[in-house]
Amino acid sequence: MKGWMGKFKSLFLLSMLALVLAGCGKENLTALVPKGYGAESSMNLIILSTVIMVFVFLIVILVYTIVLIRFRRKKGQEGYIPKQVEGSKTLETVWTIIPIILVVTLAVPTVAATFDLADESASADGINIEVTGHQYWWHFNYEEEEFATSQDLYIPVGERVYVHMLSSDVIHSFWVPSIAGKMDVNPENVNTMYLEAHEEGVYWGKCAELCGPSHSLMDFKVIAVSPEEYDQWVSDMQNADPEEEPQDAVAQDGKALFEENNCMSCHAIGSAPSAVGPDLTNFANRSRIAGYLEPTKENLVDWLMDPESLKPGNKMTGAYPALSEEEADSIAEYLLQLEHSEITPESAGGL
Amino acid sequence: MSIAATQKRGFGAFLWDYITTVDHKKIAHLYLFGGGFFFLLGGLEAMIIRIQLATPENDFISAGLYNEMITMHGTTMIFLAAMPLLLGLMNAVMPLQIGARDVAFPFLNSLGFWLFMFGGILLNFSWFMGGGAPDAGWTAYAPLSTQSPGHGVDFYVLGLQISGAGTLMGGINFLATIVTMRAPGMTYMRMPLFSWATFITSVLILFAFPALTVGLFLLMFDRMFGSAFFDVALGGNTIIWQHLFWIFAHPEVYILILPVFGVFSDITATLSKKRLFGYTAMVFATILIAFLGFMVWAHHMFTVGLGPVANSIFAIATMAIAVPTGIKIFNWLATMWGGSITINSAMLWTLGFIPSFTIGGMTGIMLASAVADYQYHDTYFVVAHFHYVIVGGTVFGIMAALHFWWPKMFGRILHEGMGKLTFWLFFVGFHLTFFVQHFLGLMGMPRRYWVFLEDQGLDTGNMVSTIGAFLMAVGVVIFLINVFYTWAKGNKAPADPWDGRSLEWAISSPPPYYNFKQTPLVRGLDPLWVEKMEGKGEITPAEPLGDIHMPNSSILPFLISLGFTIAGFGFIFQVDHSAYLILVFAGIGLALLSMLIRSLKDDHGYHIKKEELEREAD
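If you're wondering where the values come from, they're calculated on a predicted model, not measured in any experiment.

A.B. asks: Any details on the overall build of chain B? Residues and values, ideally.
C.D. replies: What chain B contains, in helices and strands, is 21 helices and 4 strands. Compactness check: chain B gives a C-alpha radius of gyration of 24 Å against a globular reference of 25 Å for 618 residues, within 12% of the reference. When the backbone C-alpha atoms are referred to their principal axes, chain B occupies close to 75 × 60 × 45 Å. Classification of the 618 residues of chain B by burial places 65% in the buried group. Counting only contacts in chain B whose residues sit at least 6 apart along the sequence, the fraction spanning at least 24 positions is 82%. Accessible surface computed for chain B: about 19,600 Å², of which carbon and sulfur atoms make up 70%. For chain B, the distance from the average site of its 30 positive side-chain charges to the average site of its 36 negative ones is 12 Å.

Structural data, given as C-alpha cells:
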C-alpha cells in the first residue's frame, strides 16, 4: 500500500509540474489573467470563493489525517469496542454556524456583482452593437454607425460597449474569457451584456453552448484598440467602397467570379445588407479564416474548395457551384485585397 | 451459491428464472448487471472522447460522431448506469435493512426493471439505425434537439421516456415499501441511513421525473407531430425546455448522490465500529438537501439571461446547500474519530470519497456564485465539477457499496488485493483526469469541444487528463477480473463478515428467498449491534414461525416492457412512413393485453408452509 501511495504522490507532483509549465494558459484567451471589467469581477469572486473553499478543505483534510493516523485499528485490538457516541450538540452547532457565515461572506459580493454586471442603464450613452450568432459564425452590426462586420469585433479600450445578442438558429453563447464572462445567445430574446477592455489587444472569443458539429470551431476575436483608432476604423468601414476594382488581373477575375457565382446573395461587402453569410468588408484584415485558420491564401483556397472539410455542418457547403482550384485562387486573391482599414489585428498587437 | 445451483438446471431455466422473477434480490442482480453493462458502454464512450482530446486538432473521430459520443456518454452514465446501479443496491439492501420480506409491489418492481432495460436498449439501437445516435448533448437543449437531423433525438426521447417510467415505478415502490413494511420496532428514526436515503431519493424521483416526462413529450410532439412548443418562429420558446429539463435534472443529481451518502454513513459506522455520529442531524441534512434540490435548478441557467434578481436568488439558494452537506462531511469524520477503523476495499472507497467529494462540493459552491459562473459556465471547469461529484461521489459510493454488500448479495467476498488495486488505480486516474480540467476550463476551453486548437495552452492539461482516463479504465478492468474471479473461486461469505450493525447482517449470505423466516423485532438503532452488545448476538423474532406468503413469478412485466419498446420503434419510424404505425399498434396492443391479463387473472401467490421452514432449519 505504501508503494501505491508513493506512486500516487509522484503522479500528483508530475501533474502539478505540468500545470505550472502550462501556466495560466494563453494570455489573450485565459480567464485567469483578466483584461476587462467583467472578467475582473468574475476573477475577484473566483479568488474569494477559492480562498474560502481552500480554508474549509484544509480543515477537513486536517481532521481526516488525524483520524487516519490515530484511529486505525491496530494489531491486537480486534476485540476493542470504541465508545458509542450519539453526537454532540455543541460540535454540530459549530459546523452548522461556521458554514453559514462563510456562505454569507460569499453571497453578499456575489449579489452585488450580479446586479452590477446586469446594469444597462447607461447603454444609451455607450456604444451599442447588435450581435447575431449563426451556425457557425458571428455577425456584428454597428447599427448607429450603419455598417456591419463579421468574426472580428472591434471595440475601443476603456469604454463600455453594449452587445445586444440574438441567435438566428440554435442557442449559442458569447464568451471572451479575458474580457468578460459569457452570455447565451438565444433565438427568442435579445440578451445584453457589456464589454469593457482595459488593455489593447486581440482576444479570443469562443462559442460556449453546444450548437452542432462545428461548435468547437465557432471562434471569433475581439480587437480592442485605442478610442482614436476605433474612430478611424469606424470611419474606414463606413467609407468602404464595395464597387472598387482591384488592381491586378487575377483579382479582377476573382471579383468577376465572385459576382458570377452569386456570392453576394449571402455575403455583403461594404454597405450591402445581406447577412446570410459573414460580411466580407475588410476581409484582408481578418485575424483568422473561418474563425480559426491562419489567414493565408492556401487556407482560403482550401476553404472555398471544400468548406465541409474545415467546418463540418456549415451552411456554405453546396450553396454555390463547385470551383476549380484556379477559380478559387482568383477569388481568394480578390478577397485578400479587400483591405478597407489601416487598423488591423496586427496593429492592435496581433493574436 | 444460488446462481451455481440454478445453473445446474440449465441456462434456459436460469434465464427464464431471471426474466420472470419478482424477488427483490434477483431484480437487484438484474439491475446491477444491466447498469454495469451500460457503465462499461459509457466508459468506452468516455475513452473515445479522451482519445479524441489527447492532442490538439485531432481527427480520431469526426465532429458529428463526437457529438453523438458525448451525448450518449452523458445519457448512458446518468440514466442507464449510475441510477440503475443505485436502484439495484436499494433493491438488494433496503428491504433487508428494514426487516421486510420483499418490496411492497414485487410485480411492479420487475416491471420497473424491464422498462429501464428495454428503454436503454432502445436508446442504444440508435447507433445502428435511423441515422446515428442523438447528438444534442444529454441536456438536449431546444432548438438544437428539435432541429437535429436523423432519428437520434427521437431515440433519446423514446428511450428515456420508457426507462424513466421504470424509474418512477421503482421510486413509488420503495416509498410504499418503507412506509408500510418496516418490521415491528423499526421506527423511522431507527432506520439505517441507506434506507433513509432510499426513502428520500424515492421522493425526489416521484417529484422530479414528471417534469422530464412532460419535457420529453413536448419534444416528441415537436419532432414527430408538428407542434411548436420550442419553435420560436411559430411563437414557441426554447427556454421552457431548459426549465423543464433542469427542474428534473437538478433533483436528478441528488437522486444520484443521496443514496451514496447513505452507503457511506452505513459503511463508516460499521467499519469504525461506532454508532453514526449525529444520526438525527444526518437524517435532517439529507431531507434538507433534497428539499433545497428543488429550489436551485436555475443555477444551471445563470448565463441564459434571466436577470439579476433570478440569478441572485438561485445563487443564494444554491450556496445554502453547502450547510447540510458540510454537516454530513463533518459528521462522517466525527464518526471515525475515536473509532477503530478497519481499512478494507469498501472503507478505502469511503476514505477516497471524503476529499474527492469535498472538492466537488466546494467547486459547486464556487459555481453558485453567479458572476464567477459567467466564466465557469459550459467550460471544462463544470465538467471537472460534476465528475468530481458524480464519479468522486456516486461511482466511489457504488464501488464502496459493491465491496461492502457483495457478500450479502452474492454470498462471496470480493478479492481484497484486487479490490485495493482497483481503488488506487481508479483514485489516482480519477484525480489526474479531472483535477486539471478545472484549469482547462478557466484557461478558455469550453465543454463539448470536438477539437481544441493548437497553441492555446491547452495541450498538456488535456494529455494529462487522457492518461488519467486510461488509469481509470485499467482499474475498471481489474474490478471486472475480480468479479469473475470471485464468482468462480471467491471465498464463501459468512452471514456477518464486517461485524455489522443493521438487520441485513443477521441473516445468511445470500439470504433465503423469503429473507426472514420470522419477522424480526427491532429494539433500537443499529438493531443487530444492540443484540450483540446485550450478549445475544441474534435478532429476537417478532412473531412465531408461520406460513410465509410469497408472490408468484410472472412474464408479464417483460411482455409489457417489450410492447412499449416495440411501440417506441414504431413512433420513431412512423415519421418516415405511416406503415410503421403497425409497430405502434402492435406494441401498445401487446402491452395493454398483458396488463389486461394481469388485471383479470387472480394471482394470490403461494405460501411456504411452516413445516417446510422447520425442515430447513434442521
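A.B. asks: Describe the packing of helix H3 (residues 24-52) of chain B against helix H17 (residues 459-489) of chain B, with residues and values.
C.D. replies: The description of two helices packed together rests on the angle between their axes and the distance between the axes. Residue and element names in this part refer to chain B. Across the interface, H3 lies against H17 with an axial gap of 9 Å and an inter-helix angle of 155 degrees. Taken together, the axes of H3 and H17 are roughly antiparallel relative to one another. When you trace H3 past H17, the crossing you get is left-handed. Counting all contacts with H3, which are made through Phe39, Leu40, Met47, Arg50 and Ile51, the residues of H17 involved are Asn462, Ser465, Thr466, Ala469, Phe470, Ala473, Val476 and Leu480. Partitioning the contact of H3 with H17 into residue classes produces 9 nonpolar, 3 polar and 1 charged.

A.B. asks: Give me the lowdown on the side chain of Ser123 of chain A, citing residues and values where you can.
C.D. replies: Position of Ser123 of chain A relative to the elements: it lies in the loop between helix H3 (89-117) and strand E1 (127-134). Those residues in contact with Ser123 of chain A, other than ones at most four positions away along the chain, are Asn128 and Tyr162 of chain A.

A.B. asks: How would you explain the interface of chain B and chain A if you had to name every residue and give the values?
C.D. replies: Facing 103 residues of chain B, the contacting portion of chain A comprises 96 residues. Carbon and sulfur atoms make up 72% of the area that chain B and chain A hide from each other, which totals about 8,500 Å². Where chain B meets chain A, there are 1 salt bridge. There are 29 residue pairs in polar contact (both at pLDDT 80 or more) connecting chain B and chain A.

A.B. asks: Quick rundown of the packing of aromatic side chains? Include the residues and the values.
C.D. replies: Residue and element names in this part refer to chain B. Applying the stated criterion across every chain, the model contains 75 aromatic pairs over all chains. Their ring planes at 80 degrees and their centres at 6.3 Å tell us that Phe125 and Phe128 sit as a pair that is edge-to-face. For the ring pair Phe423 and Phe427, a centre distance of 5.1 Å and an interplane angle of 25 degrees mean the geometry is stacked. With Phe423 and Phe427 both in helix H16 (residues 416-442), this residue pair falls 4 residues apart, about one helical turn. Note on accessibility: Phe423 and Phe427 belong to one class, buried. Members of the aromatic cluster, connected to one another through ring pairs, are Trp349, Tyr388, Phe396, Phe423, Trp424, Phe426, Phe427, Phe430 and Phe434.

A.B. asks: Account for helix H13 (residues 345-368) of chain B, naming residues and giving values.
C.D. replies: The end-to-end C-alpha distance of H13 of chain B is 34 Å, a good match for the 34 Å that 24 residues give at a rise of 1.5 Å each. At Phe353 of chain B, H13 of chain B shows its largest bend, some 30 degrees, and a proline, Pro355 of chain B, comes one to four positions later.

A.B. asks: Residue-level account of the packing of helix H4 (residues 63-97) of chain B against helix H9 (residues 239-271) of chain B, with values.
C.D. replies: All names here are of chain B. Where H4 meets H9, the axes come as close as 11 Å, and the angle between the chain directions of the two elements is 40 degrees. Between H4 and H9, the angle is such that the two are oblique. Considering the relative orientation of H4 and H9, their crossing is left-handed. Only Phe248, Glu252, Ile255, Leu256, Pro259, Val260 and Asp266 of H9 make contact with H4, whose side of the interface consists of Ile78, Phe79, Ala82, Met83, Leu86, Met90 and Gln97.

A.B. asks: Lay out the domain arrangement of chain B in plain terms, naming residues and giving numbers.
C.D. replies: Residues and elements named next belong to chain B. For chain B, the assigned domains are domain 1 (2-554 + 603-617) and domain 2 (555-602). Facing the 24 residues of domain 1 at the interface are 20 residues of domain 2. For the pair domain 1 and domain 2, the two sides together bury roughly 2,100 Å², of which 79% comes from carbon and sulfur. If you sort the residues of domain 1 by the area they bury against domain 2, Phe107, Phe118 and Asp603 come out on top, with a joint share of 28%. Applying the counting criterion to the domain 1 and domain 2 interface returns 5 residue pairs in polar contact (both at pLDDT 80 or more). For the side of domain 1 that touches domain 2, the secondary structure elements donating two or more residues are helix H2 (11-20), helix H5 (106-125), helix H7 (152-180) and helix H8 (193-224). Taken together, the residues that form the side of domain 1 that touches domain 2 break down as 16 nonpolar, 6 polar and 2 charged.

A.B. asks: Go over the sheet that holds strand E9 (residues 201-207) of chain A with me, naming the residues and quoting the values.
C.D. replies: Residue and element names in this part refer to chain A. The strand order E4-E10-E9-E6-E7 describes an open sheet built from 5 strands, whose pairing is mixed. Lying at the two open borders of the sheet, with one neighbouring strand each, are strand E4 (152-156) and strand E7 (180-185). Each strand axis lies, on average, 25 degrees off the axis of its neighbour in the sheet, ignoring direction. Two elements, strand E6 (residues 172-176) and E9, share 2 bridges in a ladder whose sense is antiparallel.

A.B. asks: So, the confidence of the model for chain B: which residues are in play, and what are the values?
C.D. replies: Predicted coordinates in regions of low pLDDT should not be interpreted in detail. The predicted model of chain B has a mean per-residue pLDDT of 95, with 98% of residues at 70 or higher. Mean pLDDT in chain B bottoms out at helix H1 (residues 2-7) of chain B, which sits at 48, and peaks at H3 of chain B, which reaches 98.

A.B. asks: Can you lay out unusual backbone geometry for me, pointing to particular residues and giving the numbers?
C.D. replies: Cis peptide bonds are those with omega within 30 degrees of zero, and the linkage from Gln135 of chain A to Tyr136 of chain A qualifies with -5 degrees. Here the bond from Ala142 of chain B into Pro143 of chain B is cis, since omega is 0 degrees, no more than 30 degrees from zero. Examined against the element boundaries, Pro143 of chain B turns out to sit in the loop between H5 and helix H6 (144-147). Positive phi values are uncommon outside glycine, yet Asn282 of chain A reaches one of about 60 degrees. Mapping Asn282 of chain A onto the fold places it in the loop between helix H5 (249-260) and helix H6 (297-305). A positive phi angle, close to 60 degrees, is found at Asp455 of chain B, a residue other than glycine.

Parameters and conventions
- Residue positions are given per chain, counting from 1 as you read along its sequence in written order.
- Here the convention is simple: chains get letters from A, ligands get numbers from 1, in the order in which they are written.
- Per-residue local features are limited, in this predicted model, to residues with pLDDT of at least 70; the limit for side-chain atom pairs, both in listing and counting, is 80 or more; totals at the level of whole chains, interfaces and linings are taken over all residues.
- Note: side-chain values were computed over all heavy atoms of the structure, leaving out hydrogens and water.
- Starting at the N terminus, helices and strands are each numbered in turn, a helix being any DSSP run of H or I of at least four residues and a strand any DSSP run of E of at least two.
- Only C-alpha atoms enter the radius of gyration; for comparison, a globular chain is expected to reach 2.2 Å times N to the power 0.38, where N is the number of residues.
- Accessibility here uses a 1.4 Å probe with only protein chains present; expressed as a share of the type maximum, an area under 20% marks a residue as buried, one over 50% as exposed, and anything in between as partly exposed.
- Throughout, a contact is declared for two residues whenever any of their heavy atoms are within 4.5 Å.
- Note that accessible areas follow from Shrake-Rupley with a 1.4 Å probe, and for residues the cover is restricted to the protein chains shown.
- Charge counting treats Lys and Arg as positive and Asp and Glu as negative, with His and both chain ends excluded.
- Positions of charges follow a simple convention, taking NZ of Lys, CZ of Arg, CG of Asp or CD of Glu.
- Here the axes come from fitting lines to C-alpha atoms, over the contacting stretch only for helices, and the angles between their N-to-C directions go from 0 to 180 degrees.
- In this scheme, roughly parallel covers angles under 35 degrees and roughly antiparallel covers those over 145, while 65 to 115 is roughly perpendicular and the rest are oblique.
- Left-handed is the label given to a crossing in which the near helix is rotated counterclockwise from the far helix by less than a right angle, and right-handed is the label when the rotation is clockwise.
- Ten residues, namely Ala, Val, Leu, Ile, Met, Phe, Trp, Tyr, Cys and Pro, are considered nonpolar, four, namely Asp, Glu, Lys and Arg, are considered charged, and the remaining ones, Gly among them, are considered polar.
- Buried area is understood as the total, over both parts, of accessible area removed when two parts are fitted together, assessed with a 1.4 Å probe.
- Salt bridges are counted wherever a side-chain nitrogen of Lys or Arg sits within 4 Å of a carboxyl oxygen of Asp or Glu.
- Polar contact criterion, stated in full: a pair of N or O atoms within 3.5 Å, where within protein one must be able to donate a hydrogen and the other to accept it, and residues adjacent in sequence count only if both atoms are side-chain atoms.
- Ring pairs are drawn from Phe, Tyr and Trp, using the six-membered ring of Trp, whenever the two centres fall within 6.5 Å, and their geometry is named by plane angle: stacked under 30 degrees, edge-to-face over 60, tilted for the rest.
- For a helix, the expected span equals 1.5 Å multiplied by the residue count minus one.
- Here the bend at a residue is taken as the angle between two axes, fitted respectively to the seven residues that end there and the seven that start there.
- Residue ranges for the domains originate in an automatic or database domain assignment.
- When DSSP finds two or more bridges between two strands, those strands count as paired.
- Per-residue confidence from the predictor is reported as pLDDT, a score between 0 and 100.

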